[in-house]
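Topology and contacts: notes
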Amino acid sequence: TVLHLHNFRLFCAIGVAYRDGAPCFRCRGRDTRPGLRLRCRGSLGEAAAYAAGLAIQQPRLFSESDAFVCVSHASASRLAELGLPAQRAHTLRNFARATALADRSRAGDGDYALVSGRLVPEKGFDTAIAAARGADVPLVVAGDGPDRARLQQLAAGAEVTFTGHLDPVALTQLRRGAGLVLVPSRSEDSFPYAALDALADGVPLLATTYGGLPELAGPDSVLSPHDPAAWTARVSELWSDPGLRAQLGAQALERARTRFGEDAYHDGLMRVYAAAGAAGAAGDRS
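Per-chain numbering applies: the sequence of each chain, read as written, is numbered from 1 onward. The predicted nature of this model means local features are confined to residues of pLDDT at least 70 and side-chain atom pairs, given and counted, to a pLDDT of 80 or more, with totals for whole chains, interfaces and linings taken over all residues. For the side-chain quantities, the full set of heavy atoms in the structure was used; hydrogens and water were omitted.

1. As for the overall build of the protein
Here a helix means four or more residues in a row that DSSP labels H or I, a strand means two or more in a row labelled E, and each is numbered from the N terminus. When its secondary structure is counted, the protein shows eleven helices and eleven strands. In summary, the protein has a C-alpha radius of gyration of 20 Å against a globular reference of 19 Å for 286 residues, a match within 12%. Note on exposure labels: buried denotes an accessible area under 20% of the residue type's maximum, exposed denotes more than 50%, and partly exposed covers the range between, all computed with a 1.4 Å probe on protein chains only. Among the 286 residues that make up the protein, the fraction classed as buried is 49%. Within the protein, contacts between residues separated by at least 24 positions form 65% of all contacts whose residues are at least 6 apart in sequence. For the protein, the accessible surface area stands at approximately 13,100 Å², while carbon and sulfur atoms represent 52% of it. Of the side-chain charges in the protein, 31 are positive and 30 negative, and the distance between the mean point of each set is 6 Å. It is over C-alpha atoms that the radius of gyration is taken, and the globule rule equals 2.2 Å times the number of residues to the power 0.38. The contact rule is simple, with two residues in contact once any of their heavy atoms fall within 4.5 Å. The method behind every accessible area is Shrake-Rupley, applied with a 1.4 Å probe, and residues are considered shielded solely by the protein chains displayed. Lys and Arg are tallied as positive, Asp and Glu as negative. Neither His nor the chain termini are counted. Throughout, a charge is located at the NZ atom of Lys, the CZ atom of Arg, the CG atom of Asp or the CD atom of Glu.

2. Some words on the sheet that holds strand β6 (residues 113-116)
Criterion used throughout: strands pair if DSSP finds at least two bridges between them. Strand order in the open sheet formed by six strands is β8-β7-β6-β9-β10-β11, with parallel pairing between adjacent strands. The open sheet has two edge strands, β8 (160-164) and β11 (222-223), and neither has a second partner. Pairing of strand β7 (residues 139-142) with β8, which is carried by four bridges, proceeds in the parallel orientation. Bridged to Val-141 within β8 is Phe-162. In the packing of helix α4 (residues 125-135) onto the sheet, contacts are made with β6, β7, β8 and β9 (180-183), and the angle to β7 comes to roughly 165°. Only the contacting stretch of a helix is used when fitting its axis, a line to C-alpha atoms as for every element, and angles between N-to-C directions run 0 to 180 degrees. Here helix α9 (residues 228-239) sits on the sheet in contact with β6, β9, β10 (205-208) and β11, set at roughly 165° to β9.

3. Description of the packing of aromatic side chains
The criterion for an aromatic pair is that two Phe, Tyr or Trp rings (for Trp, the six-membered ring) have centres within 6.5 Å, with stacked assigned to planes under 30 degrees apart, edge-to-face to planes over 60 apart and tilted to the rest. What the rule picks out here adds up to five aromatic pairs. Look at Phe-8 and Phe-25: their rings are 5.3 Å apart centre to centre, the planes differ by 80°, and that puts the pair in the edge-to-face class. Separated by 17 residues along the polypeptide, Phe-8 in the loop between β1 (2-5) and β2 (18-19) and Phe-25 in the loop between β3 (22-23) and α1 (33-37) bring together distant segments of the chain. Judged by relative accessible area, which is 14%, Phe-25 ranks as buried. Arranged with centres 4.7 Å apart and planes meeting at 45°, the rings of Phe-95 and Tyr-265 form a pair that is tilted. Here Tyr-265 lies in helix α11 (residues 262-282) and Phe-95 lies in the loop between β5 (89-91) and β6, a separation of 170 residues in the sequence. Through a chain of ring-to-ring contacts, three or more aromatic side chains come together here, namely Phe-11, Phe-62 and Phe-68.

4. A few points about the sheet that holds β5
Sheet architecture is open: three strands sit in the order β1-β4-β5, paired in parallel fashion. If you trace the sheet from one side to the other, it starts and ends with β1 and β5, each paired once. With direction set aside, neighbouring strand axes in the sheet form an average angle of 25°. Across four bridges, the pairing between β1 and strand β4 (residues 67-70) is parallel. Looking across to β4, one finds that Leu-3 is bridged to Phe-68. Of the strands in this sheet, β1, β4 and β5 are in contact with helix α3 (residues 73-82), which crosses β4 at around 130°.

5. Concerning unusual backbone geometry
Even without being glycine, Asp-20 reaches a positive phi, approximately 55°. Judged by relative accessible area, which is 62%, Asp-20 ranks as exposed. The backbone of Asp-136 shows a phi angle near 55°, a positive value even though the residue is not glycine. Mapping Asp-136 onto the fold places it in the loop between α4 and β7.

6. A few points about the environment of Leu-79
Take Leu-79: it is sitting in helix α3. Separated by 87 residues in the primary sequence, Leu-79 and Leu-166 have C-alpha atoms spaced 32 Å apart. Excluding anything up to four places from it in sequence, Leu-79 contacts Leu-5, Asn-7, Phe-8, Phe-11, Cys-70 and Leu-84.

7. Some thoughts on the environment of Leu-216
Positionally, Leu-216 belongs in helix α8 (residues 213-217). On the basis of relative accessibility, which here comes to 0%, the residue Leu-216 falls in the buried class. Considering only alpha carbons, one finds Leu-216 and Arg-245, 29 residues apart in sequence, at a separation of 18 Å. If we ignore the near neighbours within four places in the chain, the residues touching Leu-216 are Phe-191, Pro-192, Ala-195, Leu-196, Leu-199, Arg-255 and Phe-260.

8. Details of the pattern of salt bridges
A pairing counts as a salt bridge when a side-chain nitrogen of Lys or Arg comes within 4 Å of a carboxyl oxygen of Asp or Glu. Counted under the stated rule, the structure contains 17 salt bridges. The shortest N-O distance in the salt bridge between Arg-78 and Glu-188 comes to 2.6 Å. With Arg-78 in helix α3 and Glu-188 in the loop between β9 and α7 (193-200), the pair connects residues that are 110 residues apart, well separated along the chain. Between Arg-106 and Asp-103 there is a salt bridge, with the nearest N and O atoms lying 3.0 Å from each other. Where salt bridges share partners, they join Arg-28, Arg-78, Glu-81 and Glu-188 into one cluster.

Okay, here's the thing in structure tokens:
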């Protein structure tokens, strides 16, 4: 039995481990009382149901799973800190489908910067809006969510377009017309597809230092989520140099191809199942 972990749901009632403007890891092990006390699910009844459910079911999930798959080293490390049995945890990053890889990068000809995903505070889209405004760069915001009204107010007077929710085909077309993709997350995103898809489409990526994003984007493509001036300066630098964007876009596409391809994922998955089978046969649940 292999359990794939794409967020912090084993310990956090809302899964994203974020509140009050910053990552939150108050709940750890079977102690879910902080989430109940803070009512992270909203109502007291729902918070109590999640707190009790996680505390009750967690030992069973641990005892019945032969291996755990985490989608980044950062996620694996954080989950182990929270109580995941580290000796049974494996890192296996998400992959880009071979059929989804762009034939070449078009980032040098991009007409806008792009940010996409669910419009919620932890995604940091306000950072993208401020950076685009400061750098005088057109920005397209793709997605919908409860933070949309606030973001639209922040974007007033700037060249920012909100598309609402897009289907995967439309989003791919939009991304391939971009000169730059921003992923300014304030939460510890494990390994977001918004960033991986940018690489697969050959678009330069600018992301934060949180979670698995440095593993995905590379150390030269990440900035602190708390340094808006640095975001504005880097967006301005990239936008003023189409040749640099074309170069970085080609490197992004190659990174997706060589590091996050289907074959590498398949090989890694087979190793996980081999390890899980050995652990299951040995009855090792330590």
